Amino acid sequence: MTENLTGTVAMISGASSGIGRAAARRLAGASASVALVARRAGRLEELAAELRADGGTALVVAADLTDADTAAAAVETTVTALGRLDTLVNAAGVMLNGASDETPLSEWDRMVDINLRGLMYVTKAALPHLLVAAQHGPRSVADVVNISSVAGRFAAPTVALYNATKFAVTGATEAWRQEYTTRNLRFSVIEPGRTASELFEHKANSDTDFTAAFGEVEALHTDDVADAVGYIVTNPRRVAVNEIVIRPTDQP
């Protein structure tokens, strides 16, 4: 039987859209109280209202996680308002691919800031609270689920800095897994292939470039990836899912 998350708190970054939004719905559906974190407060409020209407507990935390102090404050706001932190889902991300000689340096900086630094800042601030939950929580385990990408496994032309950030996320997750596994804090990474979300809207021609490389693909739904998040987090303490690669069936 699938375990539920009653009595636990999950913090989801990037919850205003895409995989983060779907993951928030999935974990709230498993009875976790959820802290919804992103910059777009209006979208977070809409999602929070939806979750509350379904009987859930949702906290809106509008924050720019690329600032270390703001990220730490978001974690503290979550713990103060909801009482604890058992699960962290790092789903915030941006993809700005293109020819390296033509791509503005500002776009590379933005990917590093959001995809890597934001994740790093939130994880650092969350660690003490997660370790407490792993020791004293109702499930005797805590979780960090990082959303990477198949671009964190395989490099490709015109994807250099996105590759770099996602390889870093995948590598850091495995290192953290080894560091904390004996303390009942599980680190997991999910590496999705093409997913129907706003990711391909972050820069013009992203969809065209992907199709040129891989052909027409029936994309994953964000709920498909959120189901993987739910599977990881709702497993009993004895089960640690280290890594999940999930591609559209059509994607080579």
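Predicted model only: the values in this text are computed from it and were never measured.

## With respect to the overall build of the protein chain
- Secondary structure summary: the protein chain contains seven helices and seven strands in total.
- The order of helices and strands in the protein chain, counted from the N terminus, is β-α-β-α-β-α-β-α-β-α-β-α-α-β.
- Its C-alpha radius of gyration of 17 Å places the protein chain within 12% of the 18 Å reference for a compact globule of 252 residues.
- A principal-axis box enclosing the C-alpha atoms of the protein chain has dimensions of 50 × 35 × 30 Å.
- Scored against the burial criterion, the 252 residues of the protein chain give a buried share of 51%.
- Sequence separation of at least 24 residues holds for 71% of the intrachain contacts in the protein chain that already meet a minimum separation of 6.
- Accessible surface, the protein chain as shown: approximately 11,300 Å² in total, 50% of it carbon and sulfur.
- The protein chain carries 22 positive and 30 negative side-chain charges, and their two centres are separated by 7 Å.

## As for the pattern of salt bridges
- Counting across every chain of the model gives eight salt bridges.
- The partner of D113 in a salt bridge is R117, and the shortest N-O contact between them spans 2.7 Å. Here the residue D113 and the residue R117 both occupy positions in helix α4 (residues 105–136), the gap between them amounting to four residues, near one helical turn.
- With a shortest N-O distance of 2.8 Å, E174 and R177 are connected by a salt bridge. You can see E174 and its partner R177 sitting in helix α5 (residues 160–180), three residues apart, about one turn around the helix.

## Quick notes on the packing of helix α3 (residues 68–82) against α4
- In the contact formed by α3 and α4, the axes pass within 8 Å of each other and the chain directions differ by 35 degrees. In this structure, α3 meets α4 at a crossing whose hand is right-handed. Residues A68, A71, A72, V75, E76 and V79 of α3 form the contact with α4, whose participating residues are Y121, V122, A125, A126 and H129.
- Here the residues of the contact of α3 with α4 are counted per class, giving nine nonpolar, one polar and one charged.

## Points about unusual backbone geometry
- Phi is positive for S140, which is not a glycine, with a value near 60 degrees.
- Not every positive phi belongs to a glycine, and T158 is a case in point at roughly 70 degrees.
- Tracing the backbone through its elements, the reader meets T158 in the loop between β5 (142–147) and α5.

## Regarding the environment of T123
- By the element assignment, T123 lies in helix α4.
- In sequence terms T123 and A240 are 117 residues apart; their C-alpha atoms lie 18 Å from each other.
- When residues no more than four places from it in sequence are discounted, the contact partners of T123 are L88, N90, W176 and F187.

## Some points on the environment of N163
- Note that N163 resides in helix α5.
- The spacing of N163 and M95 is 68 residues in sequence and 9.7 Å in space, taken between C-alpha atoms.
- Excluding its chain neighbours within four sequence positions, the residues that come into contact with N163 are A151, F154, A155 and A156.

## So, the packing of helix α1 (residues 18–29) against helix α7 (residues 222–234)
- Their axes nearest at 8 Å, the elements α1 and α7 cross at an angle of 50 degrees. Compared by their axis directions, α1 and α7 come out oblique. With respect to the hand of their crossing, α1 and α7 are arranged in right-handed fashion. On α7, the residues touching G18, I19, A22, A23, R26 and L27 of α1 are T222, D223, V225, A226, D227, V229, G230, Y231 and V233.
- Among the residues making up the contact of α1 with α7, the classes are represented as nine nonpolar, three polar and three charged.

## A word on the pairing of strand β4 (residues 87–90)
- Of the two faces of β4, the one lined by T87 and V89 and the one lined by L88 and N90 are each fully buried.
- Strand direction decides the pairing type here: strand β1 (residues 9–13) and β4, joined by four bridges, are parallel. Among the inter-strand pairings, A10 is bridged to a residue of β4, identified as T87.
- Where β4 and β5 come together, four bridges link them in parallel fashion. Bridge assignment links L88 to a residue of β5, and that residue is V144.

Definitions and cut-offs
Residues numbered from 1 in each chain as written. Predicted model: local features only at pLDDT ≥ 70, side-chain atom pairs only at ≥ 80, totals over all residues. Heavy atoms only, no water. Helix = DSSP H or I, 4+ residues; strand = E, 2+ residues; numbered from the N terminus. Rg over C-alpha atoms; globule rule 2.2 N^0.38 Å. Buried < 20%, exposed > 50% of the residue type's maximum accessible area, 1.4 Å probe, protein only. Contact = heavy atoms within 4.5 Å. Areas by Shrake-Rupley, 256 points an atom, 1.4 Å probe, with all protein chains shown as cover. Lys, Arg positive; Asp, Glu negative; His and termini not counted. Charge placed at Lys NZ, Arg CZ, Asp CG, Glu CD. Salt bridge = Lys/Arg side-chain N within 4 Å of Asp/Glu carboxyl O. Axes fitted to C-alpha atoms, helices over the stretch in contact; angles between N-to-C directions. Left-handed = near helix turned anticlockwise from the far one by under 90°. Nonpolar A, V, L, I, M, F, W, Y, C, P; charged D, E, K, R; others polar. Parallel < 35°, antiparallel > 145°, perpendicular 65-115°, else oblique. Pairing = 2+ DSSP bridges.

In short, shape yes, function no, at least from these values alone.
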